[in-house]
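# Examination of the molecular architecture
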Amino acid sequence: MIKLENASRTFQVGDELVHGLDDVTLEIKAGEYVSIMGPSGSGKSTLLNAIGLLDQLDKGHYFLDGKDTTKLSELELAKIRREKIGFVFQIFHLIPRLTAAENIALPLTLAGVEHDERNERVNDALKSLSLSDRAHHRPDQLSGGQRQRVAIARAVVTKPLVLLADEPTGNLDHASGVEVIDILEALNQQGITLLLVTHDAELGERAQRIIHMMDGKVLP
Amino acid sequence: MYLNDVIQFAFKAMYGARTRTYLMLLAMAIGVASVILLTSLGEGARLYVTQQFSSLGTNLLIVLPGRSETTGGMPPMTGETPRDLTLQDVMALQRSYHIKEVAPIVVGAAPVSYRQMEREVMITGTTASLFSVRELHMASGQFLPEQEMTRASPVCVLGRTLQTELFGNASPLGKWVRVGGYRCRVIGVLEEEGVALGMDLSDSLLMPAASAQTLFNINSVFRILVVARSQEVMDKARQDIIDIIRARHEGEDDITVLSQDALLSTFDRILTALTYSLGGIAAVSLLVAGIMIMNVMLVAAAQRTAEIGLLKALGAPRRQIILLFLTESACLSMIGALLGLIFGLGGNQVLQLYFPDFPFQAPDWALWAAVGIALFTGLLFGLLPARHAANLNPVLALSGR
């Protein structure tokens, strides 16, 4: 499903070259639940951004769903992100002027899904995350846990293959954090491939497979 | 993405930043409104002058005493005065084959009274032919009688305003009014006529030219209005006038002959140029509004960096982000332009109320140009911020950098 071959990504920071990813070879199967752990600066987010096609590799190849993504155009990459990948961020990234329902509908709106179908899918997503009574609230009227649930609903409303969560509990209290992880795990149970970046060991241990990273390398 | 979704997105973004939206709309509206108002002013001046001249009638030549020198240089030291035009000159002009009608005009001011009512008005001395030369219409009674030009007779025709002032609603026909030291019988009242070349016939008293000359104790004629037989013989008629008067004035070219067309086209050119330059000045304010849109959209793109990163993560390609931002600036400039149209045309209406004689009318091209330039600058100056937004690196944008 996800296959990285000798993937490298370097950044220029001042005069120094920093290896975000250093010759990483990795394979993740469909439906897996993987947590990526490591200290800050170890390349966790770089790996996630590369898998999410927000970032391009300098060297190596990345196959998603059997397709080499390194040679695709900007337009094709956007299409893959739209159809196959869902993102959940630490700081939610909800658009403050839009209601919860409108935020969830955003990827469908961008993809040009018809109005009726969009409403139906947004309502389903709201219901499954028990947000129905919050549909017309704006983000500033929601609690942190609710905001992250809205963000998760937005990520899965397009029915992606992969869900990429970058420190989804980082801005939440413990109880809300556990609740969010429960939701993500439930989604994984339904078949979605879940990649979770965290530096919270307790949460990370819950995954079937744990990838430890250090200085851009995957530790064996 | 559906068009109405794009527009909705733009409107929500505009509503999300209301203060900046209102300010930008105001800037755009002022730009468009000033184009409309300033070009209306220029166009109004043009229409006003055109009306003034065209109410003189066609194929008209105006003969003035004195030669307007255009050669420059010192004025003659001898203090020579041009020979006056006289009624005999006028009669001589009638003999030209190319001239259809001739009307002398003698003017002066004198008090006109009827019983206790008195009014100082302009007295116009002329002949029956003025009626057709100036294309006048009678409200009641008849115009000055056809008679020998040099014969005075105690009759007069009143302008509409003068009639109302002296007689109110009563009919003045057959009444005797006192004009200066003379008395004359009212035989007709003119219908309301426009002001032409500063001659407001509605507040004037018309009498035979010879009577007016007696009244003011002069022998001269202020102007001679000449109607050529047709448009084609205008030049011949003009030459005839010059030849006849030269022969009568001992070989001196001491008159000026103006044609309505020449005057009209000169004024038309000047005032059209004025309109364009006023429009150009106003267009600068539209340009400023456009640059303001660019400025504000750049700030908006900077403020919404994280949002742009999110849109990219959600699978919006570059061109979609450009579309979203351009739609926003297009909506801003379009609504601004519409507001400007309303302000501008409304302003025209208000000005028209205060200055009813002056036609405030924005030329059609100015409306299209104002709205067109508004949209064009909105899109042009929206393009840079939109491209800027679309080229952001999604990873950096998401982290707010």
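Being a predicted model, the structure only gives us computed values, none of them experimental.

## What about the overall build of chain B?
Along its length, chain B carries 12 helices and 12 strands. Principal-axis analysis of the C-alpha atoms gives chain B an extent of 100 × 55 × 40 Å. In chain B, of all internal contacts separated by at least 6 residues, the share reaching a separation of at least 24 is 81%. In the form shown here, chain B has an accessible surface area of approximately 19,400 Å², with 59% of it arising from carbon and sulfur atoms. Charge centroids of chain B, computed over 30 positive and 32 negative side chains, lie 11 Å from each other.

## Quick word on the nonpolar core
Counting residues in hydrophobic clusters, the biggest one holds 77 residues, and the most contacted among them are Leu4(A) and Leu195(A). If you tally residues by element for this core, the top one is helix H10 (residues 318-354) of chain B, at 9 residues. Filtering out sequence-adjacent residues up to four positions away, Leu4(A) remains in contact with Val24(A), Thr25(A), Leu26(A), Leu47(A), Ile51(A), Leu57(A), His61(A) and Tyr62(A).

## So, the pattern of salt bridges
Evaluation of the coordinates by the stated rule reveals 26 salt bridges over all chains. The closest approach of N and O atoms between Arg20(B) and Glu328(B), which form a salt bridge, is 2.6 Å. Placement of the pair is Arg20(B) in helix H2 (residues 18-54) and Glu328(B) in helix H10, with a sequence separation of 308 residues. For Arg20(B), a relative accessible area of 15% corresponds to the buried category. Put simply, Arg97(A), Arg20(B), Arg304(B), Glu307(B) and Glu328(B) are held in one network by salt bridges that share partners.

## Side note on the packing of aromatic side chains
Following the criterion strictly, the structure yields 7 aromatic pairs over all chains and no others. Both rings, one in Phe87(A) and one in Phe89(A), keep their centres 5.8 Å apart while their planes meet at 5 degrees; by these two values the pair is stacked. With a relative accessible area of 9%, Phe89(A) lands in the buried category. Aromatic side chains Tyr114(B) and Phe167(B) sit 4.2 Å apart centroid to centroid with 40 degrees between the ring planes, which places their arrangement in the tilted category. Placement of the pair is Tyr114(B) in strand E3 (residues 99-114) and Phe167(B) in helix H5 (residues 160-167), with a sequence separation of 53 residues. The same class applies to Tyr114(B) and to Phe167(B), which are both buried. By the ring-pair criterion, three or more aromatic residues cluster together here, those being Tyr48(B), Phe355(B), Phe358(B) and Phe360(B). It is Lys3(A) that lies over the ring of Phe63(A); its NZ or CZ is 5.6 Å from the centre.

## Some thoughts on the domain arrangement of chain B
Domain annotation of chain B identifies domain 1 (3-52 + 265-398) and domain 2 (83-253). The distance between the C-alpha centroids of domain 1 of chain B and domain 2 of chain B comes to 55 Å.

## Considerations on the sheet that holds strand E6 (residues 85-88) of chain A
Residues and elements named next belong to chain A. The mixed open sheet is built from 6 strands, whose spatial order is E6-E7-E8-E3-E9-E10. Looking along the sheet, the strands with just one partner apiece sit at the ends: E6 and strand E10 (217-219). Direction aside, neighbouring strands of the sheet carry axes that sit 25 degrees apart on average. Here E6 runs beside strand E7 (residues 162-166); their pairing, made up of 4 bridges, is parallel. Considered in E7, the bridge of Ile 85 is made with Val 162. Against the sheet, helix H5 (residues 144-156) contacts E6 and E7, and its axis sits at roughly 170 degrees relative to E6. Sheet strands touched by helix H6 (residues 174-189): strand E3 (33-37), E7 and strand E8 (193-197). Its angle to E8, the strand with the most contacts, is close to 150 degrees.

What counts and how
Residues numbered from 1 in each chain as written. Chains lettered and ligands numbered in written order. Predicted model: local features only at pLDDT ≥ 70, side-chain atom pairs only at ≥ 80, totals over all residues. Heavy atoms only, no water. Helix = DSSP H or I, 4+ residues; strand = E, 2+ residues; numbered from the N terminus. Contact = heavy atoms within 4.5 Å. Areas by Shrake-Rupley, 256 points an atom, 1.4 Å probe, with all protein chains shown as cover. Lys, Arg positive; Asp, Glu negative; His and termini not counted. Charge placed at Lys NZ, Arg CZ, Asp CG, Glu CD. Core = buried A, V, L, I, M, F, W, Y, C linked by side-chain atoms within 4.5 Å. Buried < 20%, exposed > 50% of the residue type's maximum accessible area, 1.4 Å probe, protein only. Salt bridge = Lys/Arg side-chain N within 4 Å of Asp/Glu carboxyl O. Phe/Tyr/Trp six-rings, centres within 6.5 Å; stacked < 30°, edge-to-face > 60°. Lys NZ or Arg CZ within 6 Å of the ring centre and 35° of its normal. Domains from an automatic or database assignment. Pairing = 2+ DSSP bridges. Axes fitted to C-alpha atoms, helices over the stretch in contact; angles between N-to-C directions.

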